[in-house]
Each structure stands twice: as structure tokens, then as C-alpha cells.
Amino acid sequence: MIKRRGFLGGGLGVAGALALAGCDMPHEIAGGFTGIDMARGHALRDEAWRKAVPSAARRARVVIAGGGVAGLAAARSLRLRGIDDFALLELEDSVGGNSRGGSVEGVACPLGAHYLPVPSDNAPEVQDLLEELGLRRRVAGRWQYEERHLCHSPQERLFFRGEWQDGLLPVKDVSPATLAQYTLFSQRVQALQRDHRFAIPSLRVPLTPALLALDAEPFATWLDRQGLDDPQLRWYLDYCCRDDYGSGLAAVSAWAGIHYFASRHGFQAPSDEAGDRDAVLTWPEGNGWLTRRMAQPAAPHIHTGQVVTRVAQTRNGVEVDVFDLASQSLVRWQAEHCIVALPVFIAVRVVENPPARLRHAAAHLRQAPWLVANVHVRAPLADRPGAAPSWDNVIYGTRGLGYVDARHQALDPTPQATVLSWYRPLGASASDGTVGRRQLFEQPWSAWRDELLAELSVPHPDIAALATRIDITRYGHAMAVPTPGLLRQLRATEAQEGARQGQIAEGRLAFAHADWSGYSIFEEAFTRGHLAGLAV
């Protein structure tokens, strides 16, 4: 992981850090941990509810275990097929998984994923969803997206060498050698795009020997072999990997590093001809806007506060044991089919006699821990020179990924209070995320507050004075990390078991989660959930 550029050492604390940044000491700031009840997951891990005896029985034609994007997509798929007899069981008190939204002091903000790139024709299922939600329509024979939901300009900026610049690739006063490496990397990506297919969702791309070779080695190693060692380029690529995969370029495969660019927009060096900036859909509450609308038609079938403890195939169907947190009792659901829309590391614990493909995937997948902090500020922040305040604001060389402004999409230009959502991945601290998860669980709220204020006070020296509340959401297993060799392992399992385009079924069970793609984005989770709904 890139170290921060010599400032704000880890042991300074908020007083020393803010003093170095030239910032006033903070007043009392309210806040705490919110959004995820980690004790529920730990109780499942420790099998606290496994020995309970079912006290009630319920029936449904289909049970969906898990209410993240994949589970909601499966529910929608069933609904479109006319199957209305299903139950969706969710651990938390609201559905949406890593794509949920919330609010701080009345201002809507994301609790996780905060945008969706306009999908290509490789993701027709996602395109259909957007059409259903009124975000996409055909005008004069061409598809158009609802502009008020597209990210407004300016879209992104980087704080680099004392001022803000437009875009996230460092360009202020960089050397000719740096610019040459930007161009070289752009050429490498273009060549790979030309010679091989990259697409989202990735399950629709056949694995060629060349792609498997990229999958086999770390991205950092591939860059070394290409002679791409420029610090500014490496920082940017590391940032991109941490943003999408939760871990840096030393931890992810070269396939993943190239896929980040080649599956969508390529890589534009400053010398490249100017093209249209990628269009993304975003909302104040992030992708919670999408998951709430996906959940609405399924609301009568959604049961929250349900801890799935056992999934077992029987002679006549499926049994799903669930600990109901409200009644503190175990309920047994009986169904014809179960769609297991759970992270793989959970699915392998709760599925009785797990099939070989599930055990194989669980043995190879690693999850990155993640933290999202929503900071309510009572007035606009003071700013440094350069590019104007943007939706996405990144600070060069820091451990965090910067922040997004919840009011960026607001049509009212009046300066007022807003919420800044700060993202901090912890996946690179250990190959399996163990150290990062321990830090996430053990470090107090005040320590995360101090780190956030120290980082953001560099471009905004008055943030500590203006912040009134900081709510922090912790994800111990936020996303799968596409480590070297993972793609081969996952695809080999699917091929051996005869799975078709993500329809990972085993008898009366169908598996649906972004984990099966080896990395976590909306399009992967949604497509696999949709296909699982077709498979039952």
C-alpha cells in the first residue's frame, strides 16, 4: 500500500496531526459505529445459534438467503417469471448489502457503493433494470439516460502538490519521463483491448491462454516487466485497485489490474485525444437508491433480522433454518428451491454438506475489509487553489480513497450543510485481510475519527471545526479480492460442474453472489442473481 507522503505519522493522534496540517483543534464531534451489526456475523461464525431447536415452520416455493444486490436481483428475476411465492431472508435490518444508503442529520448519504457506470451491451440485464426504473429510455431510436441521475460536472479532482487538479491522474509539474510512462501504459491497455476481450460481467468472457497468463501473476509484477515503475503512475494504479478491489496492485492479479480499464474506458494519458468522460449514475444515498427500488416490489416477501444458520437439501426439497432476532427463536423454512445469495465464506459454513465447487471457491477467495465514514459538516469547507469542488475528491498519497459529496447532485446551489463520505480500504494489510479485520473491529471510533480528520484537513484545514457528526460503517468482508490465479480457480470449478453463464446450481440450490466473479461490483452481483432466478 502506498504510504502517505511523509506527513501525519500513525502515532500523532488528532491534536498533533491537525497541528501539522495548520488546523484548529476540533470541538466535540458526535458519532459512532452504525449500519452493520458485527455481533450478528460473529455469532454465526461462532455457531452460537446452530444448536437451537426450530420452534416454528414456514413454507415458500423459493427461499432466497441473502438480501444484497444478488438476492434482490434474484427476487426480481422470480417476479418477472411470475413466481410470487418466495421469501427473502436478510441478516441486517435492511436489505442492500454493500449498496445501502442512510442519512446523517437529515442528509442522505451512502453506506457503501456510491455509483454505477452506465452499463454496456454486455450487461443487458442491468440495462433492463435501469429501463424499468425510468433511468434509461429510447428517444428517436437511441438510448438516453436521465440526466439528473448522471453525475454532474465537475466529476472528480485530485489534491496533488499543494493544489487541486481536474481528474485523478497526477499531471501537475510531472516529469517528461512520467508522461512517457502514462503513454506507454495507455498503449499496453489499448493493445490488450484490441487483441483480447474484456467485458462486464466477466462471466461472459472466455478465458484465453493470454488472459490466464495475466491472471497468474500480480499486477505489480506485470508492471515491473513492462518497465512501468513511475511513482505517480504506480500510485494511480494502486488507487484504482484499492477502489474497486479493496487491495493494492501488489495483491491483485494483472488480469484484474488491466480489466479495471480494458473492460470499460481504457486508460487516457494526457497526450491522448480528449474523449468523453465516463458517464456514471449516482445519487445522494449512493447505490442505496437502486437497492431500495429493487426491494419495493418484493417488500411483502422480505424478512430482515434473519440469521441463516443451515441450508440443507432433503429428499423432497430444501430446509433453511433461520434464527429470528426479533422473536429470538429458530424458524425452519421448507421450500422447493433455495437461492444462496450469501458471500462464499458464509455459504460454505451454512450449507450442509457443501458441494465441491463451494468448498473450492471458499478455499481460494480472500475478502477485503472496508470502512465508510459519513461526516456531517455544517457549512462548506475552505478549499485550496485549483479545480473546483467535485463529486469525487481524492488526496494523493493517503491511505483513504478520498470523499464524495452527498449534495453534489443537488440542484439548489445555496451553500449549506452536507455529508462527506470517506472511504478507507484495509485489504492490503495482510494477504487474507486478517490484520485489517482485526484493526477494523478493535480500533475505537475515535481513532478512525482522528485518521479521517488528519487526512482531510490537508486540503480542508477547517474540517475539524465544521464537522458535527461522524457515523462509521464497518464491513469486515466487504468484497472479494481478485488475487493471482483466482479467476482460473473459479472458472475451472464452474466448467467442471457444467455451470452455464453464472447459473451455479447444485440440485435444488442455486448460488448467486459477486464472489463467484472474484470481485465485487454491482453488475457482477446483479447478473448472477438474475441468472440464479432463472435457474430454479
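I will try to describe carefully the structure that is included in this document. All residue numbers here refer to positions counted from 1 along the written sequence of the relevant chain. Totals for whole chains, interfaces and linings use all residues, but because this is a predicted model, local features are given only for residues with pLDDT of at least 70 and pairs of side-chain atoms are given and counted only at 80 or more. Remark: hydrogens and water are excluded; side-chain values derive from all non-hydrogen atoms of the structure.

Below, the discussion takes up the sheet that holds strand S16 (residues 367–377). Read across the sheet, eight strands follow the order S1-S20-S16-S19-S18-S17-S9-S10 without closing on themselves; strand pairing throughout is mixed. Across the chains shown, the open sheet's two edge strands, defined by having one partner strand only, are strand S1 (30–33) and strand S10 (163–166). Between one strand and the next, the sheet's axes are offset by a mean angle of 20 degrees, whatever the strand orientation. Only strands joined by at least two bridges in the DSSP assignment are considered to pair. Secondary structure elements are defined from DSSP: runs of H or I of at least 4 residues count as helices, runs of E of at least 2 residues count as strands, and each element is numbered from the N terminus. Sheet analysis places S16 next to strand S19 (residues 418–425), joined by eight bridges and oriented antiparallel. Within the sheet, the bridge partner assigned to tryptophan 370 lies in S19 and is proline 425. Of the strands in this sheet, S1, S16, strand S17 (392–395), strand S18 (403–405), S19 and strand S20 (467–480) are in contact with helix H14 (residues 445–456), which crosses S19 at around 105 degrees. An axis is simply a line fitted to the C-alpha atoms; with a helix, the fit covers only the stretch in contact. Between two such axes, the angle follows the N-to-C directions and lies from 0 to 180 degrees. Working rule for contacts: check all heavy atoms of both residues, and any pair within 4.5 Å makes them a contact.

Time to look at the pattern of salt bridges. Whenever a carboxyl oxygen of Asp or Glu lies within 4 Å of a side-chain nitrogen of Lys or Arg, that contact is scored as a salt bridge. Under the criterion given, the structure shown has 22 salt bridges. Close ionic contact of arginine 194 with aspartate 195 constitutes a salt bridge, the shortest N to O distance being 3.5 Å. For each residue, the accessible area found with a 1.4 Å probe, counting protein chains only, is set against the maximum for its type, and the residue is called buried under 20%, exposed over 50%, and partly exposed in between. Assessed through its relative accessible area of 61%, arginine 194 is described here as exposed. A salt bridge links aspartate 224 to arginine 234, with the shortest nitrogen-to-oxygen separation between them at 3.1 Å. Here aspartate 224, found in helix H7 (residues 219–225), pairs with arginine 234, found in helix H8 (residues 231–245); they are ten residues apart in sequence, far enough to count as distant. Residues joined in a network through salt bridges with shared partners are Arg310, Glu319, Asp321, Arg332 and Glu352.

With that out of the way, let us pick up H14. Side chains three or four residues apart in an α-helix point the same way, a direct result of the helix having 3.6 residues per turn. With twelve residues, H14 ought to run about 16 Å at 1.5 Å a step, and its terminal C-alpha atoms sit 17 Å apart, in line with that. Burial of H14 is extensive: nine of the twelve residues sit out of reach of the surface. Under the convention used throughout, the expected extent of a helix is 1.5 Å for every residue step, that is, one less than its residue count.

Restricting attention to buried positions, one finds in helix H6 (residues 209–216) the residues Leu211, Leu212, Leu214 and Asp215. Within H6, the buried residues cover an arc of 155 degrees as seen down the axis, which keeps them to one side. Along H6, the residues that are exposed and aim more than 90 degrees away from the buried face are Pro209 and Ala216. The directions from the helix axis to the C-beta atoms form the arc being described.

Our focus in this paragraph is the layout of surface pockets. In this structure, the second largest pocket occupies an estimated 480 Å³ of space. Of all the secondary structure elements, the ones that give two or more residues to the lining of the second largest pocket are S18 and S19. By the convention adopted, Pro, Cys, Tyr, Trp, Phe, Met, Ile, Leu, Val and Ala count as nonpolar, Lys, Arg, Asp and Glu as charged, and the other residues, Gly among them, as polar. Partitioned by chemical class, the residues of the lining of the second largest pocket number eleven nonpolar, eight polar and five charged. Lining residues are defined by having an atom within 4 Å of a point belonging to a cavity or pocket. Those points lie on a 1 Å grid over the protein atoms alone, cavities being sets where a 1.4 Å probe fits but cannot get out and pockets being open sets with protein on both sides within 12 Å along at least five of seven lines. Grid points are joined across faces, edges and corners, and a volume is the space filled by probe spheres set on the points.

This part takes up the nonpolar core. Counting 58 residues, the largest nonpolar core has Phe185, Phe219, Trp222 and Phe267 as its most contacted members. Every element with two or more residues in this core is listed here: strand S9 (156–160), helix H5 (176–195), H6, H7, H8, helix H9 (254–262), S16 and S20. Top contributing element to this core by residue count: H8, with eight residues. In contact with tryptophan 222, other than residues within four places in its own chain, are Phe185, Arg188, Leu192, Leu214, Glu217, Leu228, Ala254 and Ile258. We define a nonpolar core as any set of buried Ala, Val, Leu, Ile, Met, Phe, Trp, Tyr and Cys residues linked to one another through side-chain atoms lying within 4.5 Å. Among the nonpolar cores identified, the runner-up in size contains 39 residues, and Ile83, Tyr145, Met294 and Ala514 belong to it.

Sheet topology note: the strand S4 (residues 101–104)/strand S5 (residues 107–110) ladder contains four bridges and is antiparallel. Paired with serine 103 across the strands is alanine 108, a residue of S5. Between the antiparallel neighbours S4 and S5 lie two residues, among them glutamate 105 with a positive phi of about 50 degrees.

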